[in-house]
Amino acid sequence: MAKKKNNSRDEMAPHEMGAANGTDASFTPDVTGTATRSAANVATMRALATLIVLVLLVIAFFLGRASVGNGADHAGAGKTGATSSDAKTGGSKQLAAFVAETGLAPGQDFALPLSEENGRKALKQTQKDLDAPTRTLGKDSAPVTLTVMSDFSCPMCTRWEQQTLPALEELAAAGDVKLQWVNLVIFAEQYRSDIAAHGAIAAGKQGKLWEFVHAAYGAAGEGNHAEYTKESVTEMAKAAGVPDIEKFKTDLTSDETEKQMQDESRSARRLGINGTPFFIVGDSVISGAYPTEYFANTIKYQKYLATH
């Protein structure tokens, strides 16, 4: 007799396997309900996608407007920049005419004006504030003003004074430029250049500023950081021909002289100038002891701009 097959376990197997897989093998899918839910989900997703597209379109619209606005701003800035550039060189036509007439190379043979209008205004205001007979040399009618910012213990200042200043004094005498002297004191603690600056101011009160400048730098020696005392500065005043030495001694140590020196140094530092020698030539600047020809050519170009 054949052994009877036990189907009870075989019938239960799928349920056990289903249970083992975490599903109910007796569960019969509701195809109709699933289809209904699927249709609803699709509709929801489509609506959500449409909403996202609309939001992106709105964002793109406003970004586009901002981009156009920025473009207009940049266009305006470019126009202003072009105007500043023209002002910087005195206009491209003036620059081209000057170069054609002189054969000089811009930037290499002479300094160009500052490009920023605010910078040029600051230079002119500084020169205006410093315009006093006690510190200037030349005619008020001169077309160009050259401001010298210097320290009496600065070796490069000594070189410039000895090699270049005499030629510029000749241009001042000819009416081409007016010179201004500004004490930008840097070596007060190390070499007491502040005493020499006091001496320059005291000499200027008696009309002997530039003579004192020559006497001080002449005694400094090229390449040296000159050191100063009240006694040595007084001897320089005598060499410069200051007529009233007793008055000079009084002015040398007065609070008024100290204040003027501090004001002069601050006027330079407000422009961001912290090194010497430094020069303002009209609305251009020169930093360092450039050759005499560079200064003469820069004055020539500034004069050309002022008269054309």
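Okay, so let's go over this structure. Please read all numbers here as calculations on a predicted model, not as lab measurements.

About the criteria used
- Residues numbered from 1 in each chain as written.
- Predicted model: local features only at pLDDT ≥ 70, side-chain atom pairs only at ≥ 80, totals over all residues.
- Heavy atoms only, no water.
- 1 Å grid on protein atoms, 1.4 Å probe; cavity = no way out; pocket = protein on both sides within 12 Å on 5 of 7 lines; lining within 4 Å.
- Points joined across faces, edges and corners; volume = space filled by probe spheres on them.
- Helix = DSSP H or I, 4+ residues; strand = E, 2+ residues; numbered from the N terminus.
- Nonpolar A, V, L, I, M, F, W, Y, C, P; charged D, E, K, R; others polar.
- Core = buried A, V, L, I, M, F, W, Y, C linked by side-chain atoms within 4.5 Å.
- Buried < 20%, exposed > 50% of the residue type's maximum accessible area, 1.4 Å probe, protein only.
- Contact = heavy atoms within 4.5 Å.
- Phe/Tyr/Trp six-rings, centres within 6.5 Å; stacked < 30°, edge-to-face > 60°.
- Pairing = 2+ DSSP bridges.
- Axes fitted to C-alpha atoms, helices over the stretch in contact; angles between N-to-C directions.
- Parallel < 35°, antiparallel > 145°, perpendicular 65-115°, else oblique.
- Left-handed = near helix turned anticlockwise from the far one by under 90°.
- Polar contact = N/O pair within 3.5 Å; in protein donor to acceptor, adjacent residues only side chain to side chain.
- Salt bridge = Lys/Arg side-chain N within 4 Å of Asp/Glu carboxyl O.

## Some points on the layout of surface pockets
Moving on, step 1. Considered as a void within the structure, the largest pocket measures approximately 160 Å³ in volume.
Moving on, step 2. In terms of lining residues, the largest pocket is bounded by Lys124, Gln127, Pro143, Val144, Thr145, Gly282, Asp283, Gln302, Leu305 and Ala306.
Moving on, step 3. Within the residue set of the lining of the largest pocket, elements represented by two or more residues are α4 (117–129) and α13 (292–307).
Moving on, step 4. Its residues assigned to classes, the lining of the largest pocket shows 4 nonpolar, 4 polar and 2 charged.

## So, the nonpolar core
Moving on, step 1. Ranked by size, the top nonpolar core spans 44 residues in total, and within it Leu146, Phe152, Phe212, Tyr228 and Phe248 carry the most contacts.
Moving on, step 2. Looking at this core, the element that brings in the most residues is helix α9 (residues 209–220), giving 8 residues.
Moving on, step 3. Look past the residues within four positions of Phe152 in its chain and what remains in contact with it is Trp181, Asn183, Ser193, Ala196, Ala197, Ala200, Phe212, Val213, Ala216, Tyr217, Ala226 and Tyr228.
Moving on, step 4. If you look at the next biggest cluster of nonpolar residues, it comprises 9 residues, including Leu123, Met149, Phe278 and Ile280.

## Concerning the packing of aromatic side chains
Moving on, step 1. Enumeration according to the criterion identifies 16 aromatic pairs in this entry.
Moving on, step 2. Plain terms: the ring middles of Trp160 and Phe279 are 4.7 Å apart, the flat faces sit at 40° to each other, and that makes the pair tilted. Residue Trp160 is located in helix α5 (residues 155–163), and its partner Phe279 is located in strand β4 (residues 278–281); the two are separated by 119 residues in the primary sequence.
Moving on, step 3. Using a relative accessible area of 0% as the deciding quantity, one classes Phe279 as buried.
Moving on, step 4. One aromatic cluster in this structure is built from Phe152, Trp181, Trp210, Phe212, Tyr217, Tyr228 and Phe248.

## Overview of the sheet that holds strand β2 (residues 145–150)
Moving on, step 1. Within the open sheet, the 5 strands sit side by side as β1-β3-β2-β4-β5. Their pairing is mixed. The open sheet has two edge strands, β1 (136–137) and β5 (284–287), and neither has a second partner.
Moving on, step 2. Where β2 lies against strand β3 (residues 178–183), 6 bridges are found, and the strand directions are parallel. Bridge pairing in β3 links Leu146 to Leu179.
Moving on, step 3. Together, β1, β2 and β3 form the strand contacts of helix α6 (residues 165–173), whose direction differs from that of β3 by roughly 135°.
Moving on, step 4. Along the sheet, α9 makes contact with β1, β2 and β3, crossing β3 at roughly 60°.

## Some thoughts on the packing of α9 against helix α10 (residues 230–239)
Two quantities define a packed helix pair, namely the angle between the helix axes and the distance between the axes.
Moving on, step 1. Remark: α9 packs on α10, axes separated minimally by 8 Å, with the N-to-C direction vectors making an angle of 125°. Taken together, the axes of α9 and α10 lie oblique to each other. Crossing geometry of α9 relative to α10 is assigned as right-handed. On α10, the residues touching Phe212, Ala215, Ala216 and Ala219 of α9 are Val233, Met236, Ala237 and Ala239.
Moving on, step 2. Residue composition of the contact of α9 with α10, by class: 8 nonpolar, no polar and no charged.

## Some thoughts on unusual backbone geometry
Moving on, step 1. Residue Pro277 follows Thr276 across a cis peptide bond; omega there is -5°.
Moving on, step 2. Within the fold, Pro277 resides in the loop between α12 (255–269) and β4.
Moving on, step 3. A positive phi angle, close to 55°, is found at Arg192, a residue other than glycine.
Moving on, step 4. Residue position: Arg192 is located in the loop between α7 (188–191) and α8 (193–204).

## Comments concerning the side chain of Arg135
Moving on, step 1. Considering the arrangement of structural elements, one finds Arg135 in the loop between α4 and β1.
Moving on, step 2. At 2.8 Å, the side chain of Arg135 forms a polar contact with the side chain of Glu264.
Moving on, step 3. Among all residues touching Arg135, those that are not within four sequence positions of it are Asp129, Leu130, Leu179, Gln180, Trp181, Leu209, Trp210, Gln260 and Glu264.

## A short note on the pattern of salt bridges
Moving on, step 1. According to the stated counting rule, one finds 12 salt bridges in the structure shown.
Moving on, step 2. Across the salt bridge formed by Lys238 and Glu235, the nearest N and O atoms sit 3.3 Å from each other. Here the residue Lys238 and the residue Glu235 both occupy positions in helix α10, the gap between them amounting to 3 residues, near one helical turn.
Moving on, step 3. Residue classification places Lys238 among the partly exposed positions, given a relative accessible area of 45%.
Moving on, step 4. In this structure, the salt-bridge partner of Asp251 is Lys247, at a minimum N-O distance of 2.7 Å. Residue Asp251 and its partner Lys247 are located together in helix α11 (residues 245–252), separated by 4 residues, close to a single helical turn.
Moving on, step 5. When its relative accessible area of 10% is taken as the criterion, Asp251 is described as buried.
Moving on, step 6. On the basis of relative accessible area, Lys247 is assigned to the partly exposed category, the value being 35%.
Moving on, step 7. Through salt bridges with shared partners, one network takes in Asp131, Asp140 and Lys178.

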